[in-house]
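The residues making up each chain are set out below.
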Amino acid sequence: MGIWMQWGLLDLCTTVSQSLGAYHDLVLVIIGSILIGVGLFLCMFLLHKRLYKGMLNRSVKSNEKLEVVWTLSPAIFLSILGFESLVNLYSMEVGDGVVNSVEAHGHQWYWDYNYVYSMGGLIEWFKGNNWDAVMDLVFPGPTSMGDLDSASFSCADLWVASQLVGDWAVSMESYGIEESSLGFDSLKSNNFRKMDVTSFCILWQGMINEVKVSTSDVMHSWGVPALGVKVDAIPGRVNVVGISPLTSGFYFGNCYELCGPGHSSMPIFVGVFNRLNSEFLLQESVINSCDWDNLVSNCDEVVIIEKATESKNEFFNYNESVAESESKL
Amino acid sequence: MDSMKNWYDRWICSTSHKDIGTLYFVFSYWAGLVGTAFSSIIRLELAVPGESLLDGQLYNLVVTAHALVMIFFLVMPMMMGGFGNWLVPLMLKVPDMSFPRMNNISFWLLPVSILLLFASAYVESGAGTGWTIYPPLSSHMGHPGPAMDYVILSLHVGGLSSILASINFFTTFLSMRLKVTSLYRVPLFVWCIAVTSFLLVVAMPVLAGALTMLLTDRNFNTSFFDPNGMGDTILFVHLFWFFGHPEVYILILPAFGMISHVIKVGSGKSYVFGKLPMINAILSIGILGFIVWGHHMFTVGMNVDSRAYFSTITLIIAIPTGVKVFSWLATMAGGYIRNWPMVYWATGFIFFFTMGGLTGVVLASASLDILLHDTYYVVAHFHYVLSMGAIFAMFAGFHYWFPLATGLGLHSSWSKAHFMLMFVGVNITFFPMHFLGLAGMPRRINDYSDVFHVFNFMASWGSMICLFAVYFWSFLLLEAMLSQRCLFRACVPKTEAEWASPYGAFPMRFHTWSQNPLGFQGY
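Residues numbered from 1 in each chain as written. Chains lettered and ligands numbered in written order. Predicted model: local features only at pLDDT ≥ 70, side-chain atom pairs only at ≥ 80, totals over all residues. Heavy atoms only, no water.

### Concerning the pattern of salt bridges
Here's step 1: Tallied over the full model, the rule gives twelve salt bridges over all chains.
Here's step 2: Two residues, E279(A) and R275(A), come together in a salt bridge whose shortest N-O distance is 2.9 Å. Here E279(A) pairs with R275(A), and both are found in helix α7 (residues 275-289), just four residues apart, close to one helical turn.
Here's step 3: Take E279(A): its relative accessible area is 6%, and that puts it in the buried class.
Here's step 4: R485(B) serves as the salt-bridge partner of E479(B), at 2.8 Å between the closest nitrogen and oxygen.
Here's step 5: For R485(B), a relative accessible area of 29% puts it in the partly exposed group.
Here's step 6: Each of R193(A), K194(A), D447(B) and D450(B) takes part in one network of salt bridges that share partners. (Salt bridge = Lys/Arg side-chain N within 4 Å of Asp/Glu carboxyl O. Helix = DSSP H or I, 4+ residues; strand = E, 2+ residues; numbered from the N terminus. Buried < 20%, exposed > 50% of the residue type's maximum accessible area, 1.4 Å probe, protein only.)

### Some words on the layout of surface pockets
Residue and element names in this part refer to chain B.
Here's step 1: In this structure, the second largest pocket spans a volume of roughly 1000 Å³.
Here's step 2: Lining the second largest pocket are 42 residues, with R185, K494, T495, E496 and A497 positioned closest to its centre.
Here's step 3: For the lining of the second largest pocket, the secondary-structure elements that each account for two or more residues are α3 (56-92), α7 (233-266) and α8 (275-288).
Here's step 4: Classifying every residue of the lining of the second largest pocket by side-chain character gives 23 nonpolar, ten polar and nine charged. (1 Å grid on protein atoms, 1.4 Å probe; cavity = no way out; pocket = protein on both sides within 12 Å on 5 of 7 lines; lining within 4 Å. Points joined across faces, edges and corners; volume = space filled by probe spheres on them. Nonpolar A, V, L, I, M, F, W, Y, C, P; charged D, E, K, R; others polar.)

### Comments concerning the domain arrangement of chain A
Here's step 1: Entries for chain A in the domain assignment read domain 1 (15-52 + 67-92) and domain 2 (100-140 + 169-180 + 193-288).
Here's step 2: Computed from C-alpha coordinates alone, the two centres of domain 1 of chain A and domain 2 of chain A are separated by 38 Å. (Domains from an automatic or database assignment.)

### Here we look at the sheet that holds strand β8 (residues 239-243) of chain A
All names here are of chain A.
Here's step 1: Strand order in this open sheet of five strands is β3-β2-β1-β5-β8, and the pairing throughout is mixed. Looking at strand neighbours, the two that pair on one side only are β3 (166-174) and β8, the edges of this open sheet. For this sheet, the mean angle separating the axes of adjacent strands, direction not counted, is 25°.
Here's step 2: With five bridges connecting them, strand β5 (residues 208-215) and β8 associate as antiparallel partners. The residue of β8 that forms the bridge with E210 is G242. (Pairing = 2+ DSSP bridges. Axes fitted to C-alpha atoms, helices over the stretch in contact; angles between N-to-C directions.)

### A short note on empty space enclosed by the protein
All names here are of chain B.
Here's step 1: Counting across every chain of the model gives nine cavities of 30 Å³ or more.
Here's step 2: Approximately 170 Å³ is the volume attributed to the largest cavity.
Here's step 3: If you go around the largest cavity, you meet 19 residues; those closest to its centre are M76, P77, L110, S161 and S162.
Here's step 4: Mapped onto the lining of the largest cavity, the elements with two or more residues apiece are α3, α4 (100-120) and α5 (147-175).
Here's step 5: When residues of the lining of the largest cavity are assigned to their parent elements, the largest contribution, nine residues, is made by α5.
Here's step 6: Looking at side-chain class alone, the lining of the largest cavity contains eleven nonpolar, eight polar and no charged residues.

### Some words on the packing of helix α3 (residues 64-91) of chain A against helix α9 (residues 304-316) of chain B
Here's step 1: Relative orientation of the contacting elements α3(A) and α9(B) amounts to 165°, with a least axis distance of 10 Å. With respect to α9(B), the axis of α3(A) lies roughly antiparallel. α9(B) is crossed by α3(A), and the crossing has right-handed handedness. For the pair α3(A) and α9(B), the contacting residues are L78(A), G82(A), S85(A), L86(A), L89(A) and Y90(A) in the first and V304(B), D305(B), R307(B), A308(B), S311(B), T312(B) and L315(B) in the second.
Here's step 2: Of the residues contributing to the contact of α3(A) with α9(B), the split by class is seven nonpolar, four polar and two charged. (Parallel < 35°, antiparallel > 145°, perpendicular 65-115°, else oblique. Left-handed = near helix turned anticlockwise from the far one by under 90°. Contact = heavy atoms within 4.5 Å.)

### Quick notes on the environment of A226(A)
Residue and element names in this part refer to chain A.
Here's step 1: Tracing the backbone shows A226 in the loop between β6 (220-224) and β7 (229-233).
Here's step 2: The class of A226 is buried, set by a relative accessible area of 6%.
Here's step 3: As for A226 and F250, which are separated by 24 residues in sequence, their C-alpha atoms are 9.7 Å apart.
Here's step 4: Excluding residues that lie within four positions of it along the chain, A226 makes contacts with L10, D11, L12, C13, S17 and Y251.

### Let's talk about the UniProt feature "domain: Cytochrome oxidase subunit II transmembrane region profile" (unreviewed entry) in chain A
Here's step 1: In the numbering used here, UniProt assigns the "domain: Cytochrome oxidase subunit II transmembrane region profile" (unreviewed entry) feature to residues 1-96 of chain A.
Here's step 2: Taken end to end, residues 1-96 of chain A has its terminal C-alpha atoms 29 Å apart, with 68% of it in helix and 0% in strand. (UniProt positions renumbered as here; feature names shortened; annotations may be inferred.)

### Quick look at the packing of aromatic side chains
Here's step 1: Considering all chains together, one arrives at 63 aromatic pairs over all chains under this definition.
Here's step 2: The interplanar angle of 70° and the centroid separation of 5.4 Å between the aromatic rings of W499(B) and F506(B) together place this pair among those described as edge-to-face. Like F506(B), W499(B) is buried.
Here's step 3: Positioned over the ring face of Y256(A) is K230(A), at 4.3 Å from the centre of the ring. (Phe/Tyr/Trp six-rings, centres within 6.5 Å; stacked < 30°, edge-to-face > 60°. Lys NZ or Arg CZ within 6 Å of the ring centre and 35° of its normal.)

### Section: the UniProt feature "domain: Cytochrome oxidase subunit I profile" (unreviewed entry) in chain B
Here's step 1: UniProt's feature table lists "domain: Cytochrome oxidase subunit I profile" (unreviewed entry) at residues 5-520 of chain B, given in the numbering used throughout.
Here's step 2: The span residues 5-520 of chain B is 68% helix and 0% strand, and its two end C-alpha atoms sit 42 Å from each other.

### Description of helix α2 (residues 17-46) of chain B
Here's step 1: Here α2(B) contains 30 residues, and its C-alpha end-to-end distance of 42 Å stays within 8% of the 44 Å for a straight helix at 1.5 Å per residue.
Here's step 2: When you tally the buried positions in α2(B), you get 22 out of 30 residues, the bulk of the element. (Expected span 1.5 Å × (residues − 1).)

### Some words on the environment of G360(B)
Here's step 1: Its location among the elements puts G360(B) in helix α11 (residues 341-364).
Here's step 2: G360(B) sits 122 residues away from H238(B) along the chain, and the two C-alpha atoms are 20 Å apart.

### Some details on the interface of chain B and chain A
By a widespread convention, an interface's size corresponds to the accessible area lost as its parts come together.
Here's step 1: Of the residues lining the interface, 86 residues belong to chain B; the matching set on chain A comes to 78 residues.
Here's step 2: Buried surface at the junction of chain B and chain A, both sides included, amounts to about 7100 Å², of which 70% is carbon and sulfur.
Here's step 3: The three residues of chain B that bury the most area against chain A are F273(B), L371(B) and L438(B), which together make up 9% of that side's buried surface.
Here's step 4: Viewed at the interface, chain A and chain B are joined by four salt bridges.
Here's step 5: Here D450(B) makes a salt bridge to R193(A), at a shortest N to O gap of 2.8 Å.
Here's step 6: Counting the contacts that link chain B with chain A gives 22 residue pairs in polar contact (both at pLDDT 80 or more).
Here's step 7: Listed by contribution, the elements that provide at least two residues to the side of chain B that touches chain A are α3, α7, α9, α10 (318-332), α11, α12 (366-372), α14 (412-438) and α15 (453-483) of chain B.
Here's step 8: Among the residues making up the side of chain B that touches chain A, the classes are represented as 49 nonpolar, 29 polar and eight charged. (Buried area = accessible area lost by both parts, 1.4 Å probe. Polar contact = N/O pair within 3.5 Å; in protein donor to acceptor, adjacent residues only side chain to side chain.)

### Thoughts on a nonpolar patch on the surface
Residue and element names in this part refer to chain B.
Here's step 1: Together, F99, I167, F198, V201, V202 and I287 line one region of the surface with nonpolar side chains, adding up to about 450 Å² of accessible area.
Here's step 2: Take the nonpolar patch: its biggest share by element is three residues, from helix α6 (residues 188-219).
Here's step 3: Turning to its location among the elements, V202 is positioned in helix α6.
Here's step 4: Exposure remark for V202: the relative accessible area of 33% places this residue in the partly exposed category. (Patch = residues over 30% accessible without salt bridge, like charges linked within 9 Å, V, L, I, M, F, W, Y side chains within 5 Å. Areas by Shrake-Rupley, 256 points an atom, 1.4 Å probe, with all protein chains shown as cover.)

Below is the structure:
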């Protein structure tokens, strides 16, 4: 998201895009100097009579040495620019070590984000760590994010998660919120007109994420300026871009390829969280959408839920005993 | 009835390069007013956040129409058909073009083309695809009505007009010259028209092919661009830009030629600095223009090595362009710069075209282009090279050669005021777009996030100044016709071939000479 009356590039939040910003600075210096030079010479020659008393040579028809100079010196500057530009270009390739893969599908006129989330990884991680250390790590101070309060990070969730171990396909449709839906609370809840969405794309901070962009109707383009990415969504084709955000936060983007009347109303909202919170959000998506009745009816309802809300340390022992009792069934 | 038949013979069945040139000027001037109107509508919509005047589809239609009208019905007809037809035979000292009747049909295809384009807006919901008409938005999935078919037919007819005119110019340039007129002696404007014609003849059929494939995809169940039928959407993008990039050089090369003449005469000189390097630069730009098209497609997912190649070759094309700009500056050096309106326009061209070209160098880099592709930075870039490149050059050429064609003079002080108005207007309109682009505002949107308000507001005010300048220009033309200030002596060096009117009388007569010139060489 830009800021009011912004002159330059946004704050860029990946190493790749920061080198793009640095390249832009270099290019701007060079072209600024060239433009000032051209302007200076123009002024000099327009004010010939005043500045030079009309004494510059009027009969210069050609000068080969000068031609060589003004052909070679742009060539040298362009070589420098070209080299720097190609270094940046090749560094933008995704490479190995992708930990999070998101598929962004463009539609007329919204995005949807698809993940394959392996449930169970978070459980394993918790089992291997002290619970309090976990809470300190995740919530180091007073929480400011209303949605991720400790009430939702409960033992019940972890228990449910343990029942759902496996690979889950998670899909969220991200619609741009229309102006009429912003409501009177918009000032309080920091809604941005034309930029707020119903769900966001989850990326992991500090690691290589891969966004695979495609569409099944017309051409769109998934672009987030602050992360320095833009990739066209073309039917019949999947384009991949690698993003390694340096900082957590929320980044805004737009659709960058004309796709019909709603082209200006399909914003992109990317939430970059540390690994733990990213996994937690996806886990919550799965849990919130799973069929509770079906799940609970397979187990002894009352006893399990009561026991799950007792002390946290008992949770890990309990889980194994449930597994043992289930295997006996 | 005789006078009607004479009128019909003279204006509908014309074979005179001067009359056809005049027809092109009248047509393209009117089309320029239409294009300006579209641009004013766009800026009115974008002046404040929120959807104010137009809904999404209508806005997209206006954006598409603005580009198509300005490119295909203002710049190309006025430069090639208007200035080209009037000046090329005069500069080459030949009686007319090689194919006078084909010249005529080249003109008359244009009203048909523009009629088809406007008709597209009145059927179903119109064509809101952008001038790049990418499928699937432009195929039956995105635009199921007949409007898109009208646009395709319009571009076919317009393309045919351009191809025929280009064949004419190229043949005239190659075979109709006097023996003494060696290639080196051919004036720079004719060189530019010749290379532009070559570009048109080679590139326009590619567009015609792509358009035909789109037409059959839409109507005859082919699947060139439909992945469901083993086609590829990117095929259209490649074909379009293989045409599209030479197209933008077609828009600017005649401007280069006109500026060379205007700078030369405006600096009181009889030669341009370094004519041979200038000719070589024109040729290089023409040839290189065919192999850089990928720089319009850096985000479609091309192979990284292809992107690296396109980036490099685009940077290289800056070198001959730089040679031309520096040569113009050197032409001005030491000259007696005349205080004529055409010099103002040409000076403005040199500075602002250079600026537009330099932002093009910024965009040429495949990596940085990821941040700037399809943002307002691109819009700023091409409006600097077009609105301040092509348009300023056309005004310069118009001020220079208007007395030749009409024998009348435009009011010089008011013309300078008009220049000031346009200068201020276009800069206020397009300079803030650089900032919008860097901040990430996308193109072709009818409503934007509130943070982009200030510069959009500024740009809209600038476009209102430009609109007023266009009204003022219409007044200037009318005033010149009414005031009848006759040209009695052209203060141009005798080396300017087009000004050699028999007895020094202007406007040029219907038949320039009663016999062809004699050429003397080897003395």
